[in-house]
Amino acid sequence: MMIRRSQAECMFFNTHSETNERFPNTLDAPSVDLTVVVPSFNEEERLPVMMDETLAYLEEKRTQHPDFSYEVIVVDDGSRDQTSNVALKYVKKFSSDRVRLLSLETNRGKGGAVRMGVLSSRGRKILMADADGATKFSDLSRLEEKLKSLPESRGIAIGSRAHLEKEAMAKRNLLRNFISKVFQFLVWILCVRTIRDTQCGFKLFSRQEAVELFSVLHVERWAFDVELLYLAEQLKVPMIEVAVNWTEIEGSKLVPVLSWIQMGKDILLVRLKYTLGIWTLADAKKMQ
């Protein structure tokens, strides 16, 4: 699948040379232990809290384990606010060895932003983490432990809020609960059978599996997780669901009802297009 990318979207600011340099590509050998990809759209207010928590955890881990190396890639998905400037402050504070900014010229959607981050990464493991910081970042250790338990430590460890469902339903109104149940049913009946919470934005991938799946992904907006996990199921990629600590943070970019309807349409399209052969698993199998 052809992935469009402008010249500017291939570059990051190198704090050592103070020039723009090209991101690595997926053919390059990984050079750090962990990449954290943070898709960000108009996140100037919520991003600092998430970055402070994330970098404090990673720096502490680096202190305890001097051989540990990481990078955080903030993907500005065509924001109209100061998201890029916020991210650049962290680039300058921690250096481009540890924090990089990937600025997209137009808004691609969360799935498109995550994909661009994954395809620009250096990590042996790749974590997708939302910019709102809703998931406690230290739960990364739970995902890492579960990923290690998979054959050859390869596959996907998926952060899950399924254990919090009853509590969440008690706080939401009847309409939101109804739409949520319909969405979950559509996901289960049409696409993903083995994962209860497909939408949690905290997923840890081994590098090869991340590159294989994101290279052939079609859906770029909110329902991209469903296609991603549908592909993983069809390709028999090992997956494990891991309970995480999660708190709802104000400022969600999801528009109630309208976003759920769009996600429902995307799920139907995913199943329909793979069933009709418009999209095929052949490319993904070639990547494997």
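Caption draft 1: Summary view of helix 7 (residues 207–215). Counting buried residues in helix 7 gives eight out of nine residues, a clear majority hidden from the surface. By the burial criterion, the buried members of helix 7 are Arg207, Glu209, Ala210, Val211, Glu212, Leu213, Phe214 and Ser215.

Caption draft 2: Focus on the packing of helix 1 (residues 47–64) against helix 2 (residues 83–94). Relative to each other, helix 1 and helix 2 sit at 20°, their axes nearing to 11 Å. Relative to helix 2, helix 1 is oriented roughly parallel. Between helix 1 and helix 2 lies a crossing whose hand is right-handed. Facing Leu47, Pro48, Met51, Asp52, Leu55 and Glu59 of helix 1, the residues of helix 2 in contact are Thr83, Val86, Ala87, Tyr90 and Phe94. A class-by-class count of the residues in the contact of helix 1 with helix 2 yields eight nonpolar, one polar and two charged.

Caption draft 3: Here's a closer look at empty space enclosed by the protein. Counted under the stated rule, the structure contains one cavity of 30 Å³ or more. With three residues, helix 1 is the largest single contributor of residues to the lining of the largest cavity. Classifying every residue of the lining of the largest cavity by side-chain character gives six nonpolar, four polar and three charged.

Caption draft 4: Region of interest: a nonpolar patch on the surface. Residues Leu269, Leu272, Leu276 and Ile278 make up a contiguous nonpolar surface patch of roughly 390 Å² in combined accessible area. Here leucine 269 is to be found in helix 9 (residues 258–276).

Caption draft 5: Focus on the nonpolar core. In this structure, Ile156, Cys191, Val192, Phe214 and Ile267 are the most contacted members of the largest nonpolar core, which totals 45 residues. Broken down by element, this core gets its largest block of residues, seven residues, from helix 8 (residues 224–234). If near-sequence neighbours (up to four positions away) are discounted, cysteine 191 is found in contact with Leu186, Val226, Tyr230, Glu233, Ile267, Val270 and Arg271. By size, the runner-up hydrophobic cluster in this structure holds 33 residues, among which are Leu34, Leu47, Leu58 and Ala131.

Caption draft 6: Structural context of the packing of aromatic side chains. As enumerated under the stated definition, the model contains seven aromatic pairs in all. Both rings, one in tyrosine 57 and one in phenylalanine 137, keep their centres 5.5 Å apart while their planes meet at 70°; by these two values the pair is edge-to-face. Here tyrosine 57 is found in helix 1, whereas its partner phenylalanine 137 is found in the loop between strand 6 (123–129) and helix 4 (140–149), with 80 residues between them in sequence. Residue classification places phenylalanine 137 among the buried positions, given a relative accessible area of 2%.

Caption draft 7: Looking closely at the environment of leucine 229. Looking at the element boundaries, leucine 229 is found in helix 8. In this structure leucine 229 comes out as buried when scored by relative accessible area, which is 0%. In the structure, leucine 229 is positioned 35 residues away from threonine 194 in sequence and 9.2 Å away in space, judged by C-alpha atoms. In contact with leucine 229, other than residues within four places in its own chain, are Ile156, Ile158, Val192, Ile195, Thr198, Lys203 and Met239.

So, how was this worked out
- Residues numbered from 1 in each chain as written.
- Predicted model: local features only at pLDDT ≥ 70, side-chain atom pairs only at ≥ 80, totals over all residues.
- Heavy atoms only, no water.
- Buried < 20%, exposed > 50% of the residue type's maximum accessible area, 1.4 Å probe, protein only.
- Helix = DSSP H or I, 4+ residues; strand = E, 2+ residues; numbered from the N terminus.
- Axes fitted to C-alpha atoms, helices over the stretch in contact; angles between N-to-C directions.
- Parallel < 35°, antiparallel > 145°, perpendicular 65-115°, else oblique.
- Left-handed = near helix turned anticlockwise from the far one by under 90°.
- Contact = heavy atoms within 4.5 Å.
- Nonpolar A, V, L, I, M, F, W, Y, C, P; charged D, E, K, R; others polar.
- 1 Å grid on protein atoms, 1.4 Å probe; cavity = no way out; pocket = protein on both sides within 12 Å on 5 of 7 lines; lining within 4 Å.
- Points joined across faces, edges and corners; volume = space filled by probe spheres on them.
- Patch = residues over 30% accessible without salt bridge, like charges linked within 9 Å, V, L, I, M, F, W, Y side chains within 5 Å.
- Areas by Shrake-Rupley, 256 points an atom, 1.4 Å probe, with all protein chains shown as cover.
- Salt bridge = Lys/Arg side-chain N within 4 Å of Asp/Glu carboxyl O.
- Core = buried A, V, L, I, M, F, W, Y, C linked by side-chain atoms within 4.5 Å.
- Phe/Tyr/Trp six-rings, centres within 6.5 Å; stacked < 30°, edge-to-face > 60°.

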